[in-house]
Each structure stands twice: as C-alpha cells, then as structure tokens.
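Here is what each chain is made of, one letter per residue.
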Number of protein chains: 2
Amino acid sequence: MSDPVNGDRPVPVTALLEQAMTWIRDDLYALSDARFPGLRMRHYRLLVMLPPDGERLSRLAAHSGLTKQALAQALAPLEDGGYVEVLPDASDGRARLVRLTDRGREADEAVRGRLDAVERDWARRVGEERYAVARGVLADLAPGPAGSPAAVTVEE
Amino acid sequence: MSDPVNGDRPVPVTALLEQAMTWIRDDLYALSDARFPGLRMRHYRLLVMLPPDGERLSRLAAHSGLTKQALAQALAPLEDGGYVEVLPDASDGRARLVRLTDRGREADEAVRGRLDAVERDWARRVGEERYAVARGVLADLAPGPAGSPAAVTVEE
DNA sequence: TATTGTTATACTCTATAACTATA
DNA sequence: TATAGTTATAGAGTATAACAATA
C-alpha cells in the first residue's frame, strides 16, 4: 500500500515508534489530568524506576541517563507533590536518598495499570500472539540496564 | 529475569519504545555529524514526509502534528541549509509551497538508508521472522487516514 | 469573515559550567 | 583531590496569542 509521502518505500520505523509513544503519552496525560496534575512523562519515567528502598541522586541520574542537574529539576515537582521524599543518607553526609512515598507508589501503580490497559488493547487489535512477539522483540533489543546498543553477543 | 527496579513486573513498554528511539537517534546524529551538520530529528522527520511535488505549510503542519509556528521554525534551518525551497503558490497568493531540493532528496535517501541498516541489524539479532512480525504489529497499530488511536478512558 | 502565514513570547526539558560541602 | 549535590545559565523544541495579508 503506497501513500503519497512514502510512495512504495516503507514507512520509516521512527514514525511507527513515535506514533506508538504518542498514543501512550496522550493516555498518561489523561491520567495526569484526572488524578496526578502536573506529572509529565519524565516524572512517570522516574516513578517507575525508583527501587523500593530508595536510591541516591547520583545513581538515579546514571540509571536514568539524565545529568544530576536535570534529574534534580525533574525531581522537584515530584517532591512538591508528595510523590517522593528526599532524605539524608546516614552513611554519607553528602548524599541524599530519593524514595517513593505512598502517593508515589499509588501513581506508580496507576501508570503501570494504564500501560497495561494500552498493551491489552493493542494485543486485542493485532492479535495476542503477534503482540507478544512484538513486545519480545523490543525487549530482546534492549540489553541489560546499562547495556550498549551494539552489544550483538547478548545472551537471550 | 527480574531487575531490582521492576521486580517481577514487566518492563514498561515506554522504556522499550524509548530505548529503540534512542538508538535510532544516536545513529542518525552520527549521520548529521558526518554529512548533514545541524540536522536534528525533527528535520529528518520533515524531510521524509515531504511529497515530491511539495506541500503547503498549513497542510504540512497538520500532517506533521506541529503548529504552523513550530513548523516554520523547524523549516528555517532546512531552507538555510539548502534542503528545501519555499516557493509562492501560484494558485493562492497567501500560500507557500515547501519542496525538497536535490540536496534534500539526498538527505532523505541517506536517512532511509540508515533506518534500513538499523532495522536489518535488529532483524539479524532477533530473527528475520520475529522482526517482521514486530514491524507489522507497529504498522497495524497505526490506523488509516481517518483512524483514531487506542481510545481509552481514564477512570477517576 | 475565514484562512495562510508571521512575529513575539513563554514554557518544558535537558545540557554545560561553576560552585559548596563532605569524604 | 575526588565525589555528591546545588545554583546559574543557555539552548532546543514546541506552544499560545496577536497580528498581517489574501481569499
């Protein structure tokens, strides 16, 4: 099927990925409007990556791919909104621990619930098996936590 | 295999999609460094969506999801770099037509070539058949011209 | 009056640089 | 001296509002 823009060439994979992200973003922003005003994608990203016992700013920065400064800015609204608390680290006077509050956990669960709903809807539309393959492919492309994209020798 | 962040819960699909986009972006930015200095994702996005005969600013804005203002700003470096030319529309004195130049077509082809190389690499890593299914799923999620995305509602 | 495009301005997100406090 | 975090500032990307010219 050709469209006037791409002709007989394939639709760029970037367009497909970005379209999928756009739908998810719109969905999550409806969640923000309904229950968590002011939370944007970057906040949800952080909420779902905070471990139960909290984590240091530096480690969270490395883990998230943000600079410490960008992380601190993204974290401020989360702290103001009561989603996380930032505590001194007893083992190092310089360090601070970021930890989810109950409300933060609530938002975390809500986000995961919405993502799950979106994925179930997608699976219904394209077929459960096919969607499972697609998700598996994306997961296989992503190596470990700090993995590099070109890590071809990834063990499955 | 569980990680400390997600436990036994699935890795958020947003993380998978964003990771894939990040790899592609890094790849295309290497192309910018090598051959098309200054071009960013938004410019490539526009280059690959310009039809051969050119398009009006308004239509391109609607098509790209950008406001006319944002589009005009994104277009300026493309015009300065000689990738597109903006011409008056003979059929409407108000309108302007945006059209790819030869250099713009060159960049368009280069981008599509890189995307193709990335996809071939991915297919090799996860298996040709599996990758074909994954791409097909993403394409199927994108509905036709009048289609609407996964319309889901948020419970209050 | 509606539409095409422009000018002016502001907000979100992230980065680099320079700094303070603690190790 | 190196590390954890902060303050200040800048840039990319996109939006809204107000405007101009043409239909």
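Residues numbered from 1 in each chain as written. Chains lettered and ligands numbered in written order. Predicted model: local features only at pLDDT ≥ 70, side-chain atom pairs only at ≥ 80, totals over all residues. Heavy atoms only, no water.

A. The arrangement of the overall build of chain A in detail. Tallying secondary structure elements over chain A gives six helices and three strands in all. Tracing chain A from N to C terminus, the helices and strands come up as α-α-β-α-α-β-β-α-α. The burial tally for chain A puts 44% of its 156 residues in the buried class. Across chain A, the fraction of contacts at a sequence separation of at least 24, relative to all contacts at a separation of at least 6, is 49%. On chain A, roughly 8300 Å² of surface is accessible, and the fraction owed to carbon and sulfur atoms is 53%. (Helix = DSSP H or I, 4+ residues; strand = E, 2+ residues; numbered from the N terminus. Buried < 20%, exposed > 50% of the residue type's maximum accessible area, 1.4 Å probe, protein only. Contact = heavy atoms within 4.5 Å. Areas by Shrake-Rupley, 256 points an atom, 1.4 Å probe, with all protein chains shown as cover.)

B. Highlighting the protein's contact with DNA strand D. Residues in close proximity to DNA strand D total 19 residues, the closest being A:Ser58, A:Lys68, A:Arg94, A:Arg96 and B:Gln69. Sugar and phosphate atoms constitute 59% of the interface atoms of DNA strand D, taking the interface as everything within 4 Å of the protein. At 2.5 Å from a base oxygen of DNA strand D is found a side-chain nitrogen or oxygen belonging to A:Arg94. In this structure, a phosphate oxygen belonging to DNA strand D sits 3.2 Å away from a main-chain N or O atom of B:Thr67. Going through the elements one at a time, helix 3 (57-64), helix 4 (68-80) and strand 3 (92-100) of chain A together with helix 2 (41-47) and helix 4 (68-80) of chain B are the ones with two or more residues in the surface near DNA strand D. For the surface near DNA strand D, the per-class residue count stands at four nonpolar, seven polar and eight charged. (Near = heavy atom within 4 Å. Polar contact = N/O pair within 3.5 Å; in protein donor to acceptor, adjacent residues only side chain to side chain. Nonpolar A, V, L, I, M, F, W, Y, C, P; charged D, E, K, R; others polar.)

C. Spatial organisation of the packing of aromatic side chains. Under the counting rule described, the total for this entry stands at six aromatic pairs over all chains. Centre to centre, the rings of B:Phe36 and B:Tyr83 are 6.1 Å apart; their planes meet at 70°, and the pair counts as edge-to-face. Taken as a pair, B:Phe36 in the loop between helix 1 (13-34) and helix 2 and B:Tyr83 in the loop between helix 4 and strand 2 (84-88) lie far apart in primary sequence, 47 residues in all. Put simply, the rings of A:Trp23, A:Trp122 and A:Tyr131 touch in pairs and so form one group of aromatic residues. (Phe/Tyr/Trp six-rings, centres within 6.5 Å; stacked < 30°, edge-to-face > 60°.)

D. Quick peek at the relation of the copies chain B and chain A. With an RMSD of 0.1 Å, chain B superimposes on chain A once it is rotated by 179° and translated 0.0 Å along the axis. Read as a symmetry element, the transformation amounts to a two-fold axis. Nearest to the rotation axis, the C-alpha of B:Ala134 is located 2.0 Å from it, this being the minimum over chain B. When you check the interface residues of chain B against chain A, 89% turn up at the interface there too, and the contact is symmetric in its surfaces. (Least-squares fit on C-alpha atoms with pLDDT ≥ 70 in both.)

E. Looking closely at the nonpolar core. Grouped together as the largest cluster of nonpolar side chains are 86 residues, with contacts concentrated most on A:Leu47 and B:Leu47. Not counting the four nearest positions on each side in its chain, A:Leu47 is found in contact with A:Leu39, A:Leu78, A:Tyr83, A:Val84, A:Leu100, A:Gly104, A:Ala107 and A:Asp108. (Core = buried A, V, L, I, M, F, W, Y, C linked by side-chain atoms within 4.5 Å.)

F. How the structure looks around the protein's contact with DNA strand C. Residues in contact with DNA strand C amount to 19 residues; listed here are only the nearest, A:Gln69, B:Ser58, B:Lys68, B:Arg94 and B:Arg96. Sugar plus phosphate, as a fraction of atoms of DNA strand C within 4 Å of the protein: 59%. Within the backbone of A:Thr67, one N or O atom sits 3.2 Å away from a phosphate oxygen of DNA strand C. One of the side-chain nitrogen or oxygen atoms of A:Gln73 is found 3.2 Å away from a base oxygen of DNA strand C. Within the residue set of the surface near DNA strand C, elements represented by two or more residues are helix 2 (41-47), helix 4 and strand 3 of chain A together with helix 3 (57-64) and helix 4 of chain B. Looking at side-chain class alone, the surface near DNA strand C contains four nonpolar, seven polar and eight charged residues.

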